[in-house]
Amino acid sequence: MRVYISDLSKYVGQTVELRGWVYNTRSSGKVKFLQVRDGTGFCQCIFFRGECDESSFTEFEKLTQESTVYVTGVVRAEPRSPGGYELGAKNLEIKHITENYPITPKEHGTDFLMSQRHLWLRSKNQHAIMRVRSEIISAIRSFFDGRGFTLMDAPIFTPNACEGTSTLFETQYFDDKAYLSQSGQLYAEACAAAHGKVYCFGPTFRAEKSKTRRHLIEFWMVEPEVAFNDMYDNMDLAEQFVEYIVQRVLTNRADELKVLERDVEKLKPIKTPFPRLHYKEAAEIIKKENPEFIIGDDFGAPDETIISSKFDKPVFVHHYPSAIKAFYMKRDPKEPESAMGCDLLATEGYGEVIGGGQREDNLDLLLERLKEHGLKQEFFEWYLDLRRYGAFQSAGFGLGLERTVAWICGLPHIRETIPFPRMYGRMYP
Ligand code: 4AD
Ligand code: MG
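Residues numbered from 1 in each chain as written. Chains lettered and ligands numbered in written order. Predicted model: local features only at pLDDT ≥ 70, side-chain atom pairs only at ≥ 80, totals over all residues. Heavy atoms only, no water.

Caption draft 1: Representation of the overall build of the protein in the model. Counting its regular elements, the protein contains 12 helices and 18 strands. Classification of the 429 residues of the protein by burial places 52% in the buried group. A fraction of 66% describes how many contacts in the protein between residues 6 or more apart in sequence connect residues 24 or more apart. Considering the protein, the positive charge centre built from 55 side chains and the negative charge centre built from 62 side chains are found 6 Å apart. (Helix = DSSP H or I, 4+ residues; strand = E, 2+ residues; numbered from the N terminus. Buried < 20%, exposed > 50% of the residue type's maximum accessible area, 1.4 Å probe, protein only. Contact = heavy atoms within 4.5 Å. Lys, Arg positive; Asp, Glu negative; His and termini not counted. Charge placed at Lys NZ, Arg CZ, Asp CG, Glu CD.)

What follows is the structure, encoded as structure tokens:
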């Protein structure tokens, strides 16, 4: 009977067949150990001379890392083994012998590993990260699906900018110019007028000409938009959402976090409510530790770390100067120089994971903002229609999936959080 390693607990005492690849081998006279991986997990298969076929015992010596094997044996509970089960092997069938697998257990440089990404994905840590990523995606969907949101995905080809023109990816759309979407937000707003509570979740693109540990060229963003919410409702939603994701990963992906040696004690306190700071309060905190910081400027990565180091929960910063925020952000009528935007800074210096806020719902003000930002009105006529026909208060946010994965997994760099990262200076494989 062919089974998956992740299901071994159901087959204790039974003879099963595992199909997978050699992760590691070890021999010592009468007993040989094969660590096999099948994608769902890792399992130690033990070949005892006399208990397995004699030919399997001899063939074992041909095994190399990443060779393809089918192993038949009896499932045993073994609390000391990582998955909790092992296989008392009876038979080994070698399907393919791998020669010169480029990734060996020795240390490799990151550049080399990135060029071998298609193979590197098989390694234990990378496997664990992708399982956490998949769990986060599933948590994202169940959070919104369970709260009456309608999923309405935004297009990738767009005629207009959303997040400023400096990071736009220009491409050809037959005879016209198009840009790869930087954010689905403007479309999500149109959808919110049709469905009330919506979210979009897809790849977004930014031509960021810099190499940092937080930026990808192509990244996934989930963006809820709720008609009639204000900035404060938006923070309520965002903190419930982030708590939900973190707690679900802690529950469902504890084994993977262990593989990654993630200090889960740092994730457990992530429960609502999260602290909320006005930009000016945040700026004062930064200024004390970084005198170079100019109040009114956007925060750099070290500035975000100064803020997040003060709390054991993620922190909202709201009311940024409108001068440093996107054209669509509503200004607070009580303090017109501030935008009703709210970003969420993750703990432990992982930086901004959410950007969002309340939208400018006044047609005339929006027209002014477009001019100030040098954006051509004709491309935004459809968006302006949302203020012409049933203008409504609205708020939403975007959570960057890869930054969230890096944070929850405790990774120093964003490049390992997506199967095939697109970075400045790298598009292979
Ligand atoms: O703060 P941003 O630019 O916000 C927006 O795009 C809004 N239109 C979202 C909305 O209100 N619907 O981006 C949102 C998040 C950031 O907080 C960050 O997590 C992630 O997207 N992000 C990136 N992640 C990886 N690489 C990049 N280059 C990123 N740029 C933004
Ligand atoms: Mg932002």
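After that view, the rundown keeps rolling.
Caption draft 2: Quick peek at the sheet that holds strand E4 (residues 68–77). The five strands lie next to each other as E1-E2-E3-E5-E4, forming a closed barrel whose pairing is mixed. Here the strands of the sheet are splayed against their neighbours by 55 degrees on average, with no regard to which way each runs. Sheet topology places strand E1 (residues 15–28) next to E4; seven bridges connect them, and they run antiparallel. The residue of E4 that forms the bridge with Trp21 is Thr68. (Pairing = 2+ DSSP bridges. Axes fitted to C-alpha atoms, helices over the stretch in contact; angles between N-to-C directions.)

Caption draft 3: Here's a closer look at the nonpolar core. Counting residues in each nonpolar core, the largest one holds 46 residues, and the members touching the most others are Ile136, Ile140, Phe144, Phe241, Val242, Trp407 and Ile408. For this core, the secondary structure elements donating two or more residues are helix H4 (124–145), strand E10 (197–205), strand E11 (218–227), helix H6 (231–252), strand E16 (341–346), strand E17 (351–358), strand E18 (394–400) and helix H12 (401–409). It is H6 that contributes the most residues to this core, 10 residues altogether. Residues contacting Trp407, with those up to four places away along its chain left out, are Val242, Val246, Arg262, Ile270, Pro314, Ala346, Thr347, Glu348, Tyr350 and Val353. (Core = buried A, V, L, I, M, F, W, Y, C linked by side-chain atoms within 4.5 Å.)

Caption draft 4: Fine view of the site of ligand 1. Within the structure, ligand 1 sits among 24 residues, and Glu163, Gln185, Arg206, Glu223 and Glu352 are positioned closest to it. The side chain of Ser183 places a nitrogen or oxygen atom 2.9 Å from a nitrogen atom of ligand 1. In this structure, a nitrogen atom belonging to ligand 1 sits 3.5 Å away from a main-chain N or O atom of Phe397. Starting from 630 Å² of accessible surface for ligand 1 in isolation, the protein chains cover 94%. Breaking the shell around ligand 1 down by element, the ones donating at least two residues are E11, E17 and E18. In terms of residue count, E17 provides more of the shell around ligand 1 than any other element does, five residues in total. Tallied by class, the residues present in the shell around ligand 1 amount to eight nonpolar, eight polar and eight charged. (Near = heavy atom within 4 Å. Polar contact = N/O pair within 3.5 Å; in protein donor to acceptor, adjacent residues only side chain to side chain. Areas by Shrake-Rupley, 256 points an atom, 1.4 Å probe, with all protein chains shown as cover. Nonpolar A, V, L, I, M, F, W, Y, C, P; charged D, E, K, R; others polar.)

Caption draft 5: The arrangement of the packing of helix H8 (residues 279–289) against helix H9 (residues 301–308) in detail. Packing of H8 against H9 brings their axes to within 9 Å, and their N-to-C directions diverge by 105 degrees. The angle between H8 and H9 falls in the class roughly perpendicular. Each of Ala282, Ile285, Ile286 and Glu289 in H8 lies in contact with H9, whose residues at this interface are Asp303, Ile306 and Ile307. Along the lines of polarity and charge, the residues of the contact of H8 with H9 split into five nonpolar, no polar and two charged. (Parallel < 35°, antiparallel > 145°, perpendicular 65-115°, else oblique.)

Caption draft 6: Seen up close, H9. Those residues of H9 not exposed but buried are Asp303, Glu304, Ile306, Ile307 and Ser308. Against strand E12 (276–278), H8, strand E13 (315–318), E16 and E17 lie the buried residues of H9.

Caption draft 7: The arrangement of the pattern of salt bridges in detail. In the structure shown here, the tally under the stated rule is 35 salt bridges. Note that Glu66 is salt-bridged to Arg37, the shortest N-O span being 2.8 Å. Here the residue Glu66 occupies a position in the loop between helix H1 (54–59) and E4, and Arg37 occupies one in strand E2 (residues 31–37), the gap between them amounting to 29 residues. Arg37 sits in the buried class, given a relative accessible area of 8%. Within this structure, Arg131, Glu135, Arg248, Arg253 and Glu256 form a network of salt bridges that share partners. (Salt bridge = Lys/Arg side-chain N within 4 Å of Asp/Glu carboxyl O.)

Caption draft 8: Representation of empty space enclosed by the protein within the structure. One pass over the full model with this rule turns up six cavities of 30 Å³ or more. Within this model, the largest cavity holds a volume of roughly 70 Å³. Contributing to the lining of the largest cavity are Arg213, Arg214, Tyr350, Arg403, Ala406, Leu411, Pro412, His413 and Ile414. For the lining of the largest cavity, the class distribution of residues is five nonpolar, one polar and three charged. Considering only enclosed or pocket space, the second largest cavity measures out at about 60 Å³ in volume. Around the second largest cavity, the lining residues are Thr158, Asn160, Ala161, Cys162, Leu168, Leu180, Ser181, Gln182, Ser183, Leu186 and Tyr187. Grouping the amino acids of the lining of the second largest cavity by side-chain chemistry returns six nonpolar, five polar and no charged. (1 Å grid on protein atoms, 1.4 Å probe; cavity = no way out; pocket = protein on both sides within 12 Å on 5 of 7 lines; lining within 4 Å. Points joined across faces, edges and corners; volume = space filled by probe spheres on them.)

Caption draft 9: Representation of the sheet that holds E16 in the model. As summarised here, the arrangement of the eight strands in space is E6-E10-E11-E18-E17-E16-E13-E12, forming an open sheet in which the pairing is mixed. Each edge of the open sheet is held by one strand with a lone partner, namely strand E6 (150–151) and E12. Bridge count for E12 against E13 is three bridges, and the pairing is parallel. Opposite Arg276, over in E13, you have Phe316 as the bridge partner. Across the sheet, H6 touches E11, E12, E13, E16, E17 and E18, and the angle it forms with E18 is around 30 degrees.

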